[in-house]
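Structural overview
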Amino acid sequence: MKTKTINFDVEKYFLKLLDEDTNLSVGIASIKTLLYVLDQSKFDTVQELHSTIQSAVKIMRESDKPITAIVSASELFSRFITLAKFDDKTMDEVKDIMLSRGNIFLAKLQESRSIIARQLLSFVTDGCRILTHSKSRVVLSALKLAAASKKRFQVFVTHSFPDNGGEKMCKELTDAGIECTVILDSAIGYVMETVDFVLCGAEGVVESGGIINRVGTFTIAMCAREMKKPVYVLAESFKFTRLYPLNQRDLPRDYKYPRHELNADLSKIHPLVDYTPPSYITLIFTDLGILTPSAVSDELIKLYL
């Protein structure tokens, strides 16, 4: 299949979006980049268009950004924009239809965080204590909304070595007037018995209802189950991905390690993410509704129908 040459630097545009807006998720940035590719490129056939989009996705995957959301968001975007019938359309009309559908898809996804935040409100009660892991934009958004709704609660956030995401998360929560304490990653068990529930984000939600997230999430979830604390996951639907890992080794290497480290001795490299099986997760809050892990496969089927 012939591939059109993309006449601008996809990776540069993608990374610029993320640099300019620190609240922008990788998945949304990848969709915005694909929309720009679609808008700026000319195509002679629909097959050529698909090939060019796949080339752009490959370029974004080769950046050092986490690829879980890049893959899932790009697949859903490609699926959504091609749902219309193009048999009697010119290529210019096809392009206009796809751009229109793509912008509708993007607008819907940009509302995801606020929908999820509203769903969590009734679960955050006055005086409750919450443990969260590293920095998650959707968790931050939900906790800020709870605080703005006059809920009073306390948050413990893991330090999250090696990127120290917990310190960044704590600063933003404190700036929003939320009582927050950074704890050592090794203090999870010590703190767990004092909290009411665990709240975490996800880089990807797999077919089984398990999640791929910042390394250490599995450890927290295991500790929470042992101490009978609920684990709530907040994740936008564009993070639903068609993977079915059974254990940590089943995660693709490029999901777990930075791109520039893949040729190194991986036994000496810290993984960026781990896999938490569905049995450790209580509920998943999404823009599609509040789901049990077992309901995820049904929602994935609907998304790709």
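Here, every reference points to the structure presented above.
Residues numbered from 1 in each chain as written. Predicted model: local features only at pLDDT ≥ 70, side-chain atom pairs only at ≥ 80, totals over all residues. Heavy atoms only, no water.

1. A few points about the overall build of the protein chain
A tally of helices and strands in the protein chain yields twelve helices and ten strands. Its C-alpha atoms give the protein chain a radius of gyration of 20 Å, near enough to 19 Å, the size a compact globule of 305 residues would have. Considering only C-alpha atoms, the protein chain reaches an extent of 60 × 45 × 35 Å along its principal axes. Split into buried and exposed, the 305 residues of the protein chain put 52% on the buried side. Of the contacts made within the protein chain by residues no fewer than 6 positions apart, 75% connect residues no fewer than 24 positions apart. As displayed, the protein chain offers around 14400 Å² of accessible surface, 51% of which is attributable to carbon and sulfur atoms. Each charge class in the protein chain can be summarised by its mean position, and for the 38 positive and 38 negative side chains these summaries are 1 Å apart. (Helix = DSSP H or I, 4+ residues; strand = E, 2+ residues; numbered from the N terminus. Rg over C-alpha atoms; globule rule 2.2 N^0.38 Å. Buried < 20%, exposed > 50% of the residue type's maximum accessible area, 1.4 Å probe, protein only. Contact = heavy atoms within 4.5 Å. Areas by Shrake-Rupley, 256 points an atom, 1.4 Å probe, with all protein chains shown as cover. Lys, Arg positive; Asp, Glu negative; His and termini not counted. Charge placed at Lys NZ, Arg CZ, Asp CG, Glu CD.)

2. Remarks on a negative patch on the surface
Taken together, Asp-9, Glu-11, Glu-62 and Asp-64 make up a surface patch of like negative charges. With respect to the helices and strands, Glu-62 occurs in the loop between α3 (46-61) and α4 (67-81). With relative accessibility at 37%, the residue Glu-62 sits in the partly exposed group. (Patch = residues over 30% accessible without salt bridge, like charges linked within 9 Å, V, L, I, M, F, W, Y side chains within 5 Å. Salt bridge = Lys/Arg side-chain N within 4 Å of Asp/Glu carboxyl O.)

3. Section: the pattern of salt bridges
If the charged atoms of two oppositely charged side chains come close together, the side chains can form a pair. Considering all chains together, one arrives at nine salt bridges under this definition. Of the charged contacts, one joins Glu-20 and Lys-16 as a salt bridge, the two residues approaching to 3.9 Å between their closest N and O atoms. Here Glu-20 and its partner Lys-16 are both found in helix α1 (residues 10-20), four residues apart, which amounts to about one turn of the helix. Among the residues examined, Glu-20 registers a relative accessible area of 58% and is labelled exposed. Its relative accessible area of 47% is what places Lys-16 among the partly exposed residues. The network of salt bridges with shared partners includes Arg-113, Glu-236 and Lys-239.

None of this, on its own, says anything about what the molecule does.
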